[in-house]
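# Tertiary structure, described
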Amino acid sequence: MDTLNDIRPLLADLFHYGSSWNIILFILLGCSIVSVTIFIERLLQLRKSEIDTNQFIIHLRRSIQDGNIVEAVQVCENTGGTISNIVKAGLIKYNRGKEQIEGAMEISGLIEIARLEKNAKILSIIAHISPLIGLLGTVLGFIQAFAEMRLSGLVDISATRIGEAMEYALITTAAGLVVAIPSILAYNYIVSRVEGFVLEIQTTSAEIVDLLLCREHEI
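Residues numbered from 1 in each chain as written. Predicted model: local features only at pLDDT ≥ 70, side-chain atom pairs only at ≥ 80, totals over all residues. Heavy atoms only, no water.

## Description of the overall build of the protein chain
Regarding its fold elements, the protein chain presents 8 helices and 0 strands. For the protein chain, with 219 residues in total, the buried portion stands at 36%. In the protein chain, of all internal contacts separated by at least 6 residues, the share reaching a separation of at least 24 is 77%. Summing over all exposed atoms, the protein chain offers an accessible surface of approximately 13100 Å²; the carbon and sulfur share of this is 64%. (Helix = DSSP H or I, 4+ residues; strand = E, 2+ residues; numbered from the N terminus. Buried < 20%, exposed > 50% of the residue type's maximum accessible area, 1.4 Å probe, protein only. Contact = heavy atoms within 4.5 Å. Areas by Shrake-Rupley, 256 points an atom, 1.4 Å probe, with all protein chains shown as cover.)

Here it is in structure tokens:
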């Protein structure tokens, strides 16, 4: 029972506007750090996955038309990146028919897209919960302001303490928005980049399938 009585003041202090260990602002700070970290990591991963698609297809066309599939696979391995990994999956099935080639590319594409989208959803979650966390701090600030008015009475009311509580309420709302707005922008940017990859994957895969089928008809 004594332990519970000791914990209660500590919990109240964590949520108090004057506390240097205020948990609301601490949570929002943690959210902002996670958001920035994920955004930078995703940017680096997307940049690593990019290739010069035109040059890549030119090299592959030459190898495929010459009937050198091994060399085409080697070009994919040397190039690296998302699109080359997907094309490689199709080249390995070059003698299995159109359906199996497209199926291999599709499965590889799903894996590669999932890799590109990894952790991006966390940005969306942070963007949605940060304003709610800030709103929680606002509600707590108003509760403390009204508590100050109730305890001090109209005669001895302290404008300074009421102002501090109201200031805390507005600061937490602003902090929640400061975290949420960049997070939603970062999430939408990542999603738009991934959608660009998807379109590039579809066009490149279709072109490679056509090259393989044309080669089979020539043979």
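Moving on from the coordinates now.
## Regarding the pattern of salt bridges
Proximity of charged atoms lets side chains of opposite charge pair with each other. One pass over the full model with this rule turns up 5 salt bridges. A salt bridge links glutamate 50 to arginine 193, with the nearest nitrogen and oxygen atoms 2.7 Å apart. Residue glutamate 50 is located in the loop between helix H2 (23–49) and helix H3 (53–65), and its partner arginine 193 is located in helix H8 (residues 159–218); the two are separated by 143 residues in the primary sequence. On the accessibility criterion, glutamate 50 (42% relative accessible area) is partly exposed. For arginine 115, the salt bridge is made with glutamate 112, and the minimal N-O distance between the two is 3.0 Å. Here arginine 115 pairs with glutamate 112, and both are found in helix H6 (residues 98–116), just 3 residues apart, close to one helical turn. According to the relative accessible area criterion, arginine 115 is partly exposed, its value standing at 40%. (Salt bridge = Lys/Arg side-chain N within 4 Å of Asp/Glu carboxyl O.)

## Quick notes on a nonpolar patch on the surface
A grouping of Leu132, Leu135, Val139 and Ile143 is seen on the molecular surface, where their side chains present a nonpolar patch of about 380 Å² in accessible area. Here valine 139 falls in the partly exposed class, since its relative accessible area comes to 42%. (Patch = residues over 30% accessible without salt bridge, like charges linked within 9 Å, V, L, I, M, F, W, Y side chains within 5 Å.)

## A closer look at the layout of surface pockets
To find leftover empty space, a probe the size of one water molecule is rolled over the atoms. As a volume, the largest pocket reaches approximately 220 Å³. When grouped by side-chain class, the residues that make up the lining of the largest pocket number 8 nonpolar, 3 polar and 2 charged. (1 Å grid on protein atoms, 1.4 Å probe; cavity = no way out; pocket = protein on both sides within 12 Å on 5 of 7 lines; lining within 4 Å. Points joined across faces, edges and corners; volume = space filled by probe spheres on them. Nonpolar A, V, L, I, M, F, W, Y, C, P; charged D, E, K, R; others polar.)

## Notes on the environment of valine 87
If you trace the backbone, valine 87 turns up in helix H5 (residues 82–92). For valine 87 and isoleucine 201, which are 114 residues apart along the polypeptide, the C-alpha to C-alpha distance reads 8.8 Å. Once residues lying within four places of it in the same chain are set aside, the contact partners of valine 87 are Phe56, Leu60, Cys76, Met105, Thr204 and Ile208.

## Quick look at helix H4 (residues 69–79)
Where H4 is concerned, the buried positions are Ile69, Ala72, Val73, Val75 and Cys76. When H4 is viewed along its axis, its buried side chains cluster within an angular range of 150 degrees and face the same direction. Set apart from the buried face of H4 by more than 90 degrees, the exposed residues are Val70 and Asn78. Downstream of H4 by a residue or two, glycine 80 has a phi angle that is positive, lying close to 70 degrees. (Arc of directions from axis to C-beta.)

## Things to note about the confidence of the model for the protein chain
On average, residues of the protein chain carry a pLDDT of 80, and 80% of them reach 70 or more. For residues 1–15, every residue scores under 50 in pLDDT, and the model assigns this stretch 11 contacts once sequence neighbours within four places are set aside. (pLDDT = per-residue confidence, 0-100.)

## Overview of the nonpolar core
A general tendency of soluble globular proteins is for nonpolar side chains to be buried together. Counting 31 residues, the largest nonpolar core has Phe56, Leu60, Ile64, Val87, Leu91, Ile208 and Leu212 as its most contacted members. Those elements that provide at least two residues to this core are H2, H3, H4, H5, H6, helix H7 (120–152) and H8. The leading source of residues in this core is H8, at 11 residues. If sequence neighbours within four positions are ignored, leucine 91 has contacts with Leu60, Ile64, Ile69, Ala72, Val73, Cys76, Ile208 and Leu212. Core analysis: the second largest hydrophobic core is formed by 8 residues, Ile24, Ile126, Ile133 and Tyr168 among them. (Core = buried A, V, L, I, M, F, W, Y, C linked by side-chain atoms within 4.5 Å.)

## Here we look at the side chain of threonine 53
Tracing the sequence through the fold places threonine 53 in helix H3. Once you skip the residues sitting within four places of it in the chain, threonine 53 turns out to touch Ile83, Glu200 and Thr204.

## Quick look at a negative patch on the surface
Taken together, Glu99, Glu102, Glu106 and Asp210 make up a surface patch of like negative charges. Here the element with the most residues in the negative patch is H6; it accounts for 3 residues. With respect to the helices, strands and loops of the structure, glutamate 102 is situated in helix H6. Assessed through its relative accessible area of 36%, glutamate 102 is described here as partly exposed. (Lys, Arg positive; Asp, Glu negative; His and termini not counted. Charge placed at Lys NZ, Arg CZ, Asp CG, Glu CD.)

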